[in-house]
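Coordinate inspection notes
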Amino acid sequence: MFSPQRKGIFRIAMIQFLFIVITGCNTSLNKNVSDQEDSIYLPPTLFEKLTGTWQVEKRNHFEQWSKKSDGTYECKGFKVVGKDTSFYEKATIYPDRSNWVFENTVNDQNEGRPVKFISTFLTPSIVHFSNPEHDFPTDIQYEMTGDNTLKAFISGPGKNNLQDTIYFYFKRVN
């Protein structure tokens, strides 16, 4: 049998052992939670659905979306007048930490510099990007309304500080 002194040492050793096990498990759990918070939520279904060429209804304006080998999505905005095609906008959607970034460059705006919008809402059919510091637009949204239809809008402060929203209804042409 164990002497009272050895029982005390045994109990202390067991308590230390349990403390190490519990602390180790807790650290492991915290690490996993932390890793999940730093990981990127990648819902490819919506962005995959964007790939292709989309035409704004009743206009000769188009957005052509493609997926690059690095997992980012790229858009070229262009219009067709007669036989002439002119590109006026390019955008990239890419992951950054736990958000998606919509980086947009429009010819003759912002001195040719891209403007970044951060995802604020994301479902399998809707993505909303926001940049409250930008003059106009401050918000951009894409919504898949069907396999071959897409509704988008840009919005932000307009005249007299009233919200101004411009809608775009697209149909897939390719």
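Structure: above.
Now for a description of the structure that goes with this document. (Residues numbered from 1 in each chain as written. Predicted model: local features only at pLDDT ≥ 70, side-chain atom pairs only at ≥ 80, totals over all residues. Heavy atoms only, no water.)

Some thoughts on the packing of aromatic side chains
This model, assessed by the stated rule, comprises 11 aromatic pairs. Judged by centre distance (5.1 Å) and plane angle (15 degrees), the rings of phenylalanine 62 and phenylalanine 78 are stacked. Here phenylalanine 62 is found in strand 2 (residues 61-67), whereas its partner phenylalanine 78 is found in strand 3 (residues 73-81), with 16 residues between them in sequence. In this structure, phenylalanine 62 and phenylalanine 78 share a single accessibility class: buried. Plain terms: the ring middles of phenylalanine 78 and phenylalanine 87 are 5.3 Å apart, the flat faces sit at 45 degrees to each other, and that makes the pair tilted. One aromatic cluster is present, formed by Trp65, Phe102, Phe117, Phe129 and Tyr142 through successive ring pairs. (Phe/Tyr/Trp six-rings, centres within 6.5 Å; stacked < 30°, edge-to-face > 60°. Helix = DSSP H or I, 4+ residues; strand = E, 2+ residues; numbered from the N terminus. Buried < 20%, exposed > 50% of the residue type's maximum accessible area, 1.4 Å probe, protein only.)

Notes on the nonpolar core
The biggest cluster of nonpolar side chains holds 22 residues, and the ones touching the most others in it are Phe47, Trp65, Ile93, Phe102, Phe129 and Tyr142. Excluding anything up to four places from it in sequence, tryptophan 65 contacts Leu50, Thr51, Gly52, Trp54, Tyr73, Glu74, Cys75, Ile93, Phe102 and Tyr142. (Core = buried A, V, L, I, M, F, W, Y, C linked by side-chain atoms within 4.5 Å. Contact = heavy atoms within 4.5 Å.)

Describing the pairing of strand 8 (residues 139-146)
Examined bridge by bridge, strand 7 (residues 126-130) and strand 8 share 5 bridges and lie antiparallel to one another. The partner of isoleucine 126 across the bridge, within strand 8, is glutamate 143. Strand direction decides the pairing type here: strand 8 and strand 9 (residues 149-157), joined by 7 bridges, are antiparallel. When the bridges of strand 9 are listed, glutamate 143 appears paired with lysine 151. (Pairing = 2+ DSSP bridges.)

Topic: the pattern of salt bridges
Under the counting rule described, the total for this entry stands at 5 salt bridges. The partner of glutamate 143 in a salt bridge is lysine 151, with the nearest N and O atoms 3.9 Å apart. You can call lysine 151 partly exposed: its relative accessible area is 26%. (Salt bridge = Lys/Arg side-chain N within 4 Å of Asp/Glu carboxyl O.)

Topic: the layout of surface pockets
There is about 580 Å³ of room inside the largest pocket. Lining the largest pocket we find 27 residues, and of these Glu89, Asn104, Val106, Ile154 and Phe168 sit closest to its centre. If you list the elements that add at least two residues to the lining of the largest pocket, you get strand 2, strand 4 (84-96), strand 5 (99-106), strand 6 (115-122), strand 8, strand 9 and strand 10 (163-172). The class makeup of the residues in the lining of the largest pocket is 16 nonpolar, 8 polar and 3 charged. (1 Å grid on protein atoms, 1.4 Å probe; cavity = no way out; pocket = protein on both sides within 12 Å on 5 of 7 lines; lining within 4 Å. Points joined across faces, edges and corners; volume = space filled by probe spheres on them. Nonpolar A, V, L, I, M, F, W, Y, C, P; charged D, E, K, R; others polar.)

Section: the side chain of threonine 53
As for its placement among the helices and strands, threonine 53 is situated in strand 1 (residues 52-56). Threonine 53 sits in the buried class, given a relative accessible area of 9%. Setting aside residues up to four positions removed in sequence, threonine 53 forms contacts with Phe62, Glu63, Gln64, Lys171, Arg172, Val173 and Asn174.

Some words on the pairing of strand 10
Successive side chains on a regular strand alternate, one facing one side of the sheet and the next facing the other. Sheet analysis places strand 1 next to strand 10, joined by 3 bridges and oriented antiparallel. For tryptophan 54, the partnering residue across the bridge sits in strand 10 and is arginine 172. Bridging between strand 9 and strand 10 involves 9 bridges; their strand directions are antiparallel. Bridge pairing in strand 10 places proline 157 opposite glutamine 163. With antiparallel pairing between neighbouring strands as the criterion, strand 9 and strand 10 make up a hairpin whose turn holds 5 residues, including asparagine 160 at a positive phi of roughly 55 degrees.

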